[in-house]
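So the chains spell out like this:
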Amino acid sequence: MTRSIAANIRGLTLAIAMTFLVTSVGVGYWTLVSGDELNNDPFNPRLVAAIRDRPRGFIKDAAGNTLAESVQVPDGYKRVYRDKTLAHATGYASFQFGASGVEAAYAESLIGQDPGDPLSQWRARYLRERAPPGSVMLGIDPKVQQAAVAALGNRRGAIVAIDPRNGAILASVSWPQYDPNRISDPATEDAAWKQVIADPDKPLINRVTEGLYPPGSTFKIITGAAALESGVDPNAKVRVDDPWQADTSWGSYFVRSSSRAHGDYTMADGYRLSENIYFAKIGLQIGGPKLAEYAQRFGIGSPTHCDINASKGQLSRTGVLDRPTLVADTAYGQGELLVSPLQMALVAAAVGMGGVMPTPHYATEVRDAQGHAVRMIAPGAIGQVIRPETARALTTMLVGAVSGPGAFAFAAKIPGVNVAGKTGSAENPSGTPHGWFVGFAPAEAPTVAVAILLENSPRGGEDAAPLGGRVMQAALGR
Amino acid sequence: MIAVTRRRPELGLLFWVAALGITGSVAVAAAEVAGFRPQQLVVPVTFVVIAFVLHVFLAARGVRGDQLLLPIAAALTALGLVLVQRLASNLLVQQLSWTLIAAGAFAATILIPRDLTALSRFKWTWALLGVLLLISPLLPVIGREVNGARIWLGVGTVTFEPWEAVKILLVIFFAAYLEEFREVLAQTQRRFGPIPVPPVPYLVPIVAMWAIAMVVMVFERDLGATLLFLGIFLAMLYLATGEVFYTLIGLVLLLVGGFVAYHVFGHVAARVDIWLHPFADDVRFGTGYQLVQGLFALANGGLFGAGLGNGMPERIPVVWSDFVFDAFAEEVGFAGALALLALYLLFVYRGMLIALRAPTPFLQLLAGGLSFIVALQTIVIVGGNARLIPLTGITLPFVAYGGSSLVTNWMLVALLIRVSDLTARVRGTP
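Criteria and cut-off values
Residues numbered from 1 in each chain as written. Chains lettered and ligands numbered in written order. Predicted model: local features only at pLDDT ≥ 70, side-chain atom pairs only at ≥ 80, totals over all residues. Heavy atoms only, no water. Pairing = 2+ DSSP bridges. Helix = DSSP H or I, 4+ residues; strand = E, 2+ residues; numbered from the N terminus. Axes fitted to C-alpha atoms, helices over the stretch in contact; angles between N-to-C directions. Contact = heavy atoms within 4.5 Å. Buried area = accessible area lost by both parts, 1.4 Å probe. Salt bridge = Lys/Arg side-chain N within 4 Å of Asp/Glu carboxyl O. Buried < 20%, exposed > 50% of the residue type's maximum accessible area, 1.4 Å probe, protein only.

**Concerning the sheet that holds strand 16 (residues 431-441) of chain A**
Residues and elements named next belong to chain A.
1) Next: Read from one edge to the other, the open sheet built from 5 strands follows the order 8-7-17-16-15, with strand pairing classed as antiparallel. Because the sheet does not close on itself, it has two edges, and the strands there are strand 8 (169-175) and strand 15 (420-428). Averaged over all adjacent pairs, the angle separating strand axes in this sheet is 5 degrees, with direction ignored.
2) Next: Sheet topology note: the strand 15/strand 16 ladder contains 8 bridges and is antiparallel. Opposite Ser 425, over in strand 16, you have Gly 435 as the bridge partner.
3) Next: In this fold helix 8 (residues 142-152) packs onto strand 7 (157-162), strand 8 and strand 17 (448-454), with an angle of close to 25 degrees to the strand it touches most, strand 8.
4) Next: Strands in contact with helix 16 (residues 341-352) are strand 7, strand 8, strand 16 and strand 17; relative to strand 17, the strand with the most contacts, it is inclined by about 150 degrees.

Shown next as structure tokens:
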């Protein structure tokens, strides 16, 4: 027997009421819960509206020079960038295409609603009042920045210099550049955006933080740290015969030495002459899990905690080292490793600082419209990633890699200063190897750490080392 | 001789509607750069006059029964005018004209046909008319394609969405059809174990309706109409039989059809992908731009909203027809959005109450089906705006910009009031 229609009407009404309830909860989620995340989305035009309707705050370097400001145009304001070499650090602020770099990361601070100022946030949210914008100060040191720009020239690549004591980024160059003025100008944004998106060299990418490259021999710093902390004796001689394979199960696969070497190597020799077979052997000796653990400690494959958008890198495609050949290749910096120049600068900084890795940050301070500090940006260290004695031993060997007899990285030398560093030539799918240099100075109490990356550089690390020397020299004021 | 009725509660509520429409319009105008100008009052005042005229018309005709539906529909329409003024002021006069036509259609539906139950006698006529209207956009010359969906008829500059009329015709047809068969079926119910076997008179229309819905989805590329079409049918089938199982069959058929369509038709897959990953980089600047901008608007709403005129709805493409709800919620917040949903729920509740009391199965099914249309449309578009379900082109009843929708929704209100009036007369209540 079918039920009465009246009963069915009641049932349907109940179902409708329940659906309305669910819908209300959904609307409540978006209006109340998701608010913080979506309101701070760099592509949210409400944040970016401040670009057009109101002046946005200044972005300034450590010396107080203006890097970005809002200027009045007939129908509102537009952003003007004074230093194109810092295009990737400041980013752009386009009404249509959102914001990037510091413009995105400090979007709230730049419209007078810094998170360090809860009162202004509260007033903005509930009273819809807007404080006049202040400024965001960067750690960029113009002297170091100019040296880095001159050093890189118009080669595709990246240079980053960081103060290892506090993580402030002193210089940041990524080539090729783009013109943030054109992307931030309503009159040209469409054409400029199309152009940069179509460019095969991908100028929009900040190669310092987002560029991912195989680290090559610079990764041997991490392998060495893992070995030292696993009880490997750095003075023990390891036999190197090029080409080398662990056993015949590797078939036609061999690890090659860049200098076709035959001989007995200590770890210091391994660094000085950048010997792949030495590190492949000790990598296999300590094993994949240990190597993976240290890569992770140094932040490869995990967030860098940088204040602007930065890549995590990768240890391997699967995240583990489970094949002997992969362990061997990873140990000398190839395999499936991918890292950003910023990550390698942090590795150098951590070694220089006795194993304490700093948190990298572009901005150092947020100021209000009157110039008073609203918030100091001084994030604590990421942590102690290796033991101090390990870091000291590595530092000694890395000084040797720059100034020892026949050292590969000799060109990074600075007169009167002990420099620690490591070159790298990273084989990659796009052809000519990438050239790397990472280092820090003065070795005993560093005030600067650098990473240099030259894409497809003919002589690999040999090209990169002198640039590292020049940038560190500028930072040391010599 | 018709006795004049007093519709006091309705009159009282209409004053609130007048206050809502006029203050809303002034608030929006005041927030604009140009500021408030007295001539802007013409639109809300005209609407208030229309609403009061309709009230007087009902009273003069001696219409009894429900007195809440007219004020609720008027409140929603007033809100719609305020939002069109806010979101697309160049369309405001056009929307006001449509409101006038809608009021005319409302009055006409109160008058014609003289005998409401006579509607059921011509059920096959309604069915044929409905199907013809449904496939009419596929015809050359008069069919129009808008935003990828071919669901419009156009002659010159005047366009009409036949689907809007079809939904009412469908409800009338289903009500008549199901009334006729439900008595027969009560005795011929067979079961296969616990599963009721749908008798042929049910099975045939289930399959036919599903097939027609799929045709709409495939050839007219309108997910919303498909969903509404099947939804109305399944709801009415449930009202008539009380068999949840039939509804389940229908839902399974819908899911199967949807699954196949997802893999075969680009427009369905695109809608689903936007829904699943609106924030993916290749989606948020492309096909998902509209939804992402809508969600930004919702997020900016907070509890009490930015205030009328203070949001940024202009960043949402076609906001005045597809995303009024998000635009509204940004400026009045979660509180305002809840109030709007409550208004719809109240409308549906009153409609269902009318259905409950109606004297014949036909009238019960008719009122239930009509109320369900409003409920389903609201859920589908609000759910789409809030990313609970894939977005479809369904309009928010009474509020969203659009003439065909407004006219048919007001006819729907008139039909509900007539069922209520008839019930009151049969029962001898006011």
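Further notes follow.
**Description of the interface of chain A and chain B**
Accessible area lost during the coming together of the parts is what is often quoted as the interface size.
1) Next: Each partner contributes to the interface: chain A provides 40 residues, whereas chain B provides 49 residues.
2) Next: Summed over both partners, the interface of chain A with chain B comes to about 4100 Å²; 71% of that surface belongs to carbon and sulfur atoms.
3) Next: Considering only the side of chain A, the residues that lose the most area to chain B are Phe 20, Trp 30 and Arg 46 of chain A, jointly responsible for 19% of the buried surface there.
4) Next: Where chain A meets chain B, there are 0 salt bridges.

**Observations regarding the pairing of strand 6 (residues 135-138) of chain A**
Residues and elements named next belong to chain A.
1) Next: Here strand 6 shows a buried face lined by Ser 135 and Met 137 and a second buried face lined by Val 136 and Leu 138.
2) Next: Bridging between strand 1 (residues 58-60) and strand 6 involves 3 bridges; their strand directions are parallel. Following the sheet pairing, Phe 58 is matched in strand 6 by Ser 135.
3) Next: In the sheet, strand 6 pairs with strand 12 (residues 363-367) via 4 bridges, with the strands oriented antiparallel. Bridge assignment links Ser 135 to a residue of strand 12, and that residue is Arg 367.

**Let's talk about the pattern of salt bridges**
All names here are of chain A.
1) Next: In the structure shown here, the tally under the stated rule is 29 salt bridges over all chains.
2) Next: Of the charged contacts in the structure, one is a salt bridge between Arg 207 and Glu 455, with a shortest N-O distance of 2.7 Å. Placement of the pair is Arg 207 in the loop between helix 10 (189-198) and helix 11 (220-229) and Glu 455 in the loop between strand 17 and helix 18 (461-476), with a sequence separation of 248 residues. In terms of burial, Arg 207 and Glu 455 fall into one category: buried.
3) Next: In this structure, Asp 264 engages Arg 239 in a salt bridge whose closest nitrogen and oxygen atoms are separated by 3.5 Å. Residue Asp 264 is found in strand 10 (residues 262-265), and its partner Arg 239 is found in strand 9 (residues 238-241); the two are separated by 25 residues along the sequence.
4) Next: Owing to a relative accessible area of 38%, Arg 239 belongs among the partly exposed residues under this scheme.

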